[in-house]
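Letter by letter, the chains look like this.
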Amino acid sequence: MPIDAARALAADPRLGDIAWDHKDVQLYHLGLGAGIPATDPDELRYTLESRLHVLPSFATVAGAGMAMLGGLAAPGIDVDLAAVLHGGHSIELHRPIPVTGRARSSSKVAAVYDKGKAAVIVLRSAVADADGPLWTSDAQIFVRGEGGFGGDRGPSARSETPEREPDRVEERLIREEQALLYRLSGDWNPLHADPEFAEKAGFDRPILHGLCSYGMTLKAVVDTLLGGDVSLVRAYRTRFAGIVFPGETLRIRMWREPGRVRVEVGAADRDDAPVLADTVVEHA
C-alpha cells in the first residue's frame, strides 16, 4: 500500500536547523508585491531593514523554504508526486517572528485522512529558537488516487461566507514577473516559471504559487484591518481553491468578526474564480 498511515504517524520527527536574516525577509516581502509605492512609509516596513517587521506568513519559507514538504518521503509514505496538490495551509504564531533568527525545526506527519478517492496528509512543522516556540505550520497535502484505505475522513475545513456585504474589498495586482521573484524564496517548481512545463501540466502559461497568494492576502488584511501591526496575528489558515496567473488581479473580500477576519479571494479578471477559500486570520 502506498500509504501506511500507522507507520507514517509513528515515525520520529525530522529535525533540522534553519536560519534567516533581513535579506530573506525583504526578498519574501518583495515577492508578495511589497514596495509599491517604494517610498510609502507603510511599505518601508516590509522593504527597509531599519524599519523591518516580518509578515507571519514568512513562516512558510523561513530557513528551509519548502523543505517541510520533504515529509512526503517519511516512512509509510510512497506516493506519485504528480498526484500531489497543496490543498491548504495553516500557521499558528506563538510570538512575532524576529527579523534575524536561528531555530530548530521538528517536522512530522501529523495526520492522514481518507477522502475516498484521495488521501490528505497533514505535514506539521514546529519551530522554536533559544527563547522558545515561534510557530507551528501545517501543510495539507492532497494526494489523488490514494484514498480508500479505510481511515478517518478527517474534519471539514469548509465555512460559510457571512450573509452580508464585506467590510473591506481590496484588489492586488500580480505583476508579470512576480512568480519569478517569489520562487527565489525557495519554491523552485518550474510550473511557476517555465511555459513548456506549465503546458504539460495543463495550463496555457505558468501559474502563481498558492503560497504567494496566501502571503499577499495576509498582507492586505494586516495593512487594512489590523493597522499594519503584524504582531496582532495569532493564526492564519486557508484552503487553496483555484489558480491565478501573473498579470491578473486578486480581489480580496474581508469580513470583520470578534477576534478574527474571514476572507475570500478570487481572480478579478475571471469573474472572481475562487483562489483562496475558507480563509481566516485570527488576531489579538
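In what follows, the structure referred to is the one given above.
Not measured: the values here are computed from a predicted model.

## Description of the nonpolar core
Piece 1. One finds Trp20, Phe58, Ile97, Trp135, Val222, Leu250 and Met254 to be the most contacted residues of the largest nonpolar core, which totals 50 residues.
Piece 2. Looking at which element gives the most residues to this core, the answer is helix H6 (residues 210-225), with nine residues.
Piece 3. Once you skip the residues sitting within four places of it in the chain, Leu250 turns out to touch Glu170, Glu171, Arg172, Ile174, Ser213, Met216, Val244, Val265, Gly266 and Val275.
Piece 4. Residues Ala83, Val112, Leu123 and Val143 belong to the second largest nonpolar core, which totals 16 residues.

## Quick word on the sheet that holds strand E3 (residues 101-114)
Piece 1. If you walk across this open sheet you meet the 10 strands as E1-E3-E4-E5-E2-E7-E10-E9-E8-E6, and the pairing is antiparallel. Bordering the open sheet on either side are strand E1 (14-20) and strand E6 (168-173), each of which pairs with just one other strand. Adjacent strand axes in the sheet meet at a mean angle of 20 degrees when their direction is disregarded.
Piece 2. Note that strand E2 (residues 84-93) and strand E5 (residues 132-144) share nine bridges and pair antiparallel. When the sheet's bridge partners are listed, His86 is paired in E5 with Ile141.
Piece 3. Its contacts with the sheet place H6 against E2, E6, strand E7 (233-240), strand E8 (249-257), strand E9 (260-267) and strand E10 (273-283), and it is angled at close to 50 degrees to E8.

## Observations concerning the pairing of E7
Regular strands have side chains that alternate between both faces of the sheet.
Piece 1. Judged from the five bridges that link them, E2 and E7 form a sheet pairing that is antiparallel. Along E7, the bridge assignment pairs Glu92 with Ala235.
Piece 2. Inspection of the sheet shows E7 paired to E10 by six bridges, in the antiparallel sense. Paired with Tyr236 across the bridge in E10 is Val281.

## Here we look at the environment of Ala8
Piece 1. By secondary structure assignment, the location of Ala8 is in helix H1 (residues 5-10).
Piece 2. C-alpha of Ala8 to C-alpha of Glu199: the two residues are 191 residues apart in sequence and 34 Å apart in space.
Piece 3. Discounting chain neighbours no more than four positions away, the residues touching Ala8 are Pro75, Gly76, Ile77 and Val109.

## Things to note about H6
Piece 1. The terminal C-alpha atoms of H6, which comprises 16 residues, lie 22 Å apart, in line with the 22 Å expected from a rise of 1.5 Å per residue.
Piece 2. Of all 16 residues making up H6, 14 are buried, and the element is well covered by its neighbours.
Piece 3. Of the residues trailing H6, Gly227 is marked for its positive phi of about 65 degrees.

## Looking at empty space enclosed by the protein
Piece 1. One pass over the structure, following the stated rule, counts one cavity of 30 Å³ or more.
Piece 2. Residue lining of the largest cavity: Val54, Pro56, Leu93, Arg95, Pro96, Ile97, Val230, Ser231 and Val233, and that is the complete set.
Piece 3. Counted by class, the lining of the largest cavity contains seven nonpolar, one polar and one charged residues.

What counts as what
Residues numbered from 1 in each chain as written. Predicted model: local features only at pLDDT ≥ 70, side-chain atom pairs only at ≥ 80, totals over all residues. Heavy atoms only, no water. Core = buried A, V, L, I, M, F, W, Y, C linked by side-chain atoms within 4.5 Å. Buried < 20%, exposed > 50% of the residue type's maximum accessible area, 1.4 Å probe, protein only. Helix = DSSP H or I, 4+ residues; strand = E, 2+ residues; numbered from the N terminus. Contact = heavy atoms within 4.5 Å. Pairing = 2+ DSSP bridges. Axes fitted to C-alpha atoms, helices over the stretch in contact; angles between N-to-C directions. Expected span 1.5 Å × (residues − 1). 1 Å grid on protein atoms, 1.4 Å probe; cavity = no way out; pocket = protein on both sides within 12 Å on 5 of 7 lines; lining within 4 Å. Points joined across faces, edges and corners; volume = space filled by probe spheres on them. Nonpolar A, V, L, I, M, F, W, Y, C, P; charged D, E, K, R; others polar.

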